[in-house]
Amino acid sequence: LRLGLGGHWVLQGHRGRYQRAPNFYELFGDRGAVSGNVDLDSESGVNWDAGVVYRPPTAGATAVEQLEVAYYDHRTDDLIRFIQNSQRVSRPQNIGQARTRGVEMRAQASIRSRLSLAGNYVYQRPQNRSPYSWEKGNDLPNAPRHRANLRTSARVGPGSLYYEVSRESRHYLDRANLRPIPRRTVHGMGGAAPLVAGVQLTCEVRNLTDNQVADLWGYPLPGRAAFVSLYYEFNR
């Protein structure tokens, strides 16, 4: 459903029933930190969302390019999720019933076509609705309630610079919510500059603050890391 509201605002919504078979990675793993499960059942469920979008034509020194707010509700039977065991090996399992509902917000703006800002924020309630008392009502594994990302970039002469930050709230590795992963914040920055025709130099620093954090599966992420790349583009 899509309905114009005037003033560059649009009301839109989606609803669908879906089914997804387990993929090869979920069935067979990688013979390392991920173990496969050939007994997985297919996921099935009903998803719907509704929200408003503001997308005006860009003009002027300062322009809001996009604003979006949406509410979503996903109800799933036999949800497939990777769950880590005591040997630090993740294995996919079917979770009988699950419901994930939340709000997502996005924004993008530019200033004088030289500075751009983009960000998004998600709050969700990833609820395990299995009939077993020890897990019913708990958060789903590997599903933070809060996620936020912000990126700003600027043109500096013929080159560009950017800075970005992402943050995720605490989440859990298991269905009983006994093995938490602390919240994490990761910063990064970089830039690009043309050297000669068709040649561009890029520099990037990831995890700028050397924050010792883990990913969604509980494995440590690299500390501060720097990368330098040289790109050459040519036309045949």
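In case you missed it, the structure is sitting above this.
To continue, consider the overall build of the protein. Along the protein, the regular secondary structure elements total one helix and 13 strands. Tracing the protein from N to C terminus, the helices and strands come up as β-β-α-β-β-β-β-β-β-β-β-β-β-β. In terms of overall dimensions, the protein has C-alpha extents of about 60 × 50 × 40 Å along its principal axes. Out of the 236 residues belonging to the protein, those deemed buried represent 33%. Long-range contacts, defined as pairs at least 24 residues apart, comprise 57% of the intrachain contacts of the protein with a sequence gap of at least 6. A total of about 14,600 Å² of accessible surface is found on the protein, and carbon and sulfur atoms cover 55% of it. One finds the centroid of the 31 positive side-chain charges in the protein at a distance of 5 Å from the centroid of its 21 negative side-chain charges.

Let us look at the packing of aromatic side chains. Tallying each qualifying case throughout the model produces four aromatic pairs. Plain terms: the ring middles of Trp-9 and Tyr-54 are 4.9 Å apart, the flat faces sit at 35 degrees to each other, and that makes the pair tilted. Here the residue Trp-9 occupies a position in strand E2 (residues 9-20), and Tyr-54 occupies one in strand E3 (residues 43-54), the gap between them amounting to 45 residues. A residue is classified by how much of its surface remains accessible, and Tyr-54, at 21% relative accessible area, is partly exposed. Taking the ring centre of Tyr-162 as reference, the NZ or CZ of Arg-151 above it sits at 4.1 Å. When the ring centre of Phe-227 is taken as reference, the NZ or CZ atom of Arg-206 above it lies at 4.4 Å.

Moving on to the environment of Tyr-232. By the element assignment, Tyr-232 lies in strand E13 (residues 225-232). For Tyr-232 and Val-53, which are 179 residues apart along the polypeptide, the C-alpha to C-alpha distance reads 38 Å. In this structure, Tyr-232 is in contact with Gly-198 and Val-199, ignoring residues within four places of it in sequence.

Time to look at the environment of Arg-206. Locating Arg-206 in the fold gives a position in strand E12 (residues 199-206). Through-space distance from the C-alpha of Arg-206 to that of Tyr-132 is 42 Å; in sequence the pair is 74 residues apart. The contact partners of Arg-206, leaving out residues within four places of it in the chain, are His-187, Gly-223, Arg-224, Ala-225 and Phe-227. One polar contact links Arg-206 to Glu-204, side chain to side chain, over a distance of 3.1 Å.

The next subject is the pattern of salt bridges. All chains considered together, the criterion is met by 12 salt bridges. With a closest N to O distance of 3.0 Å, Arg-151 and Glu-164 form a salt bridge. Of this pair, Arg-151 sits in strand E7 (residues 146-156) while Glu-164 is found in strand E8 (residues 159-168), placing the two residues 13 residues apart along the sequence. Taken together, the salt bridges that share partners define one network made up of Arg-20, Glu-26 and Glu-43.

Time to look at a nonpolar patch on the surface. On the surface, Leu-3, Leu-5, Trp-9, Leu-11, Val-64 and Leu-67 cluster together to form a nonpolar patch covering roughly 480 Å² of accessible area. Of all the elements in the fold, those that place two or more residues in the nonpolar patch are strand E1 (2-6), E2 and strand E4 (62-84). Inspection of the secondary structure assignment puts Val-64 in strand E4. By relative accessible area, which is 38% here, Val-64 ends up partly exposed.

Cut-off values and rules
Residues numbered from 1 in each chain as written. Predicted model: local features only at pLDDT ≥ 70, side-chain atom pairs only at ≥ 80, totals over all residues. Heavy atoms only, no water. Helix = DSSP H or I, 4+ residues; strand = E, 2+ residues; numbered from the N terminus. Buried < 20%, exposed > 50% of the residue type's maximum accessible area, 1.4 Å probe, protein only. Contact = heavy atoms within 4.5 Å. Areas by Shrake-Rupley, 256 points an atom, 1.4 Å probe, with all protein chains shown as cover. Lys, Arg positive; Asp, Glu negative; His and termini not counted. Charge placed at Lys NZ, Arg CZ, Asp CG, Glu CD. Phe/Tyr/Trp six-rings, centres within 6.5 Å; stacked < 30°, edge-to-face > 60°. Lys NZ or Arg CZ within 6 Å of the ring centre and 35° of its normal. Polar contact = N/O pair within 3.5 Å; in protein donor to acceptor, adjacent residues only side chain to side chain. Salt bridge = Lys/Arg side-chain N within 4 Å of Asp/Glu carboxyl O. Patch = residues over 30% accessible without salt bridge, like charges linked within 9 Å, V, L, I, M, F, W, Y side chains within 5 Å.

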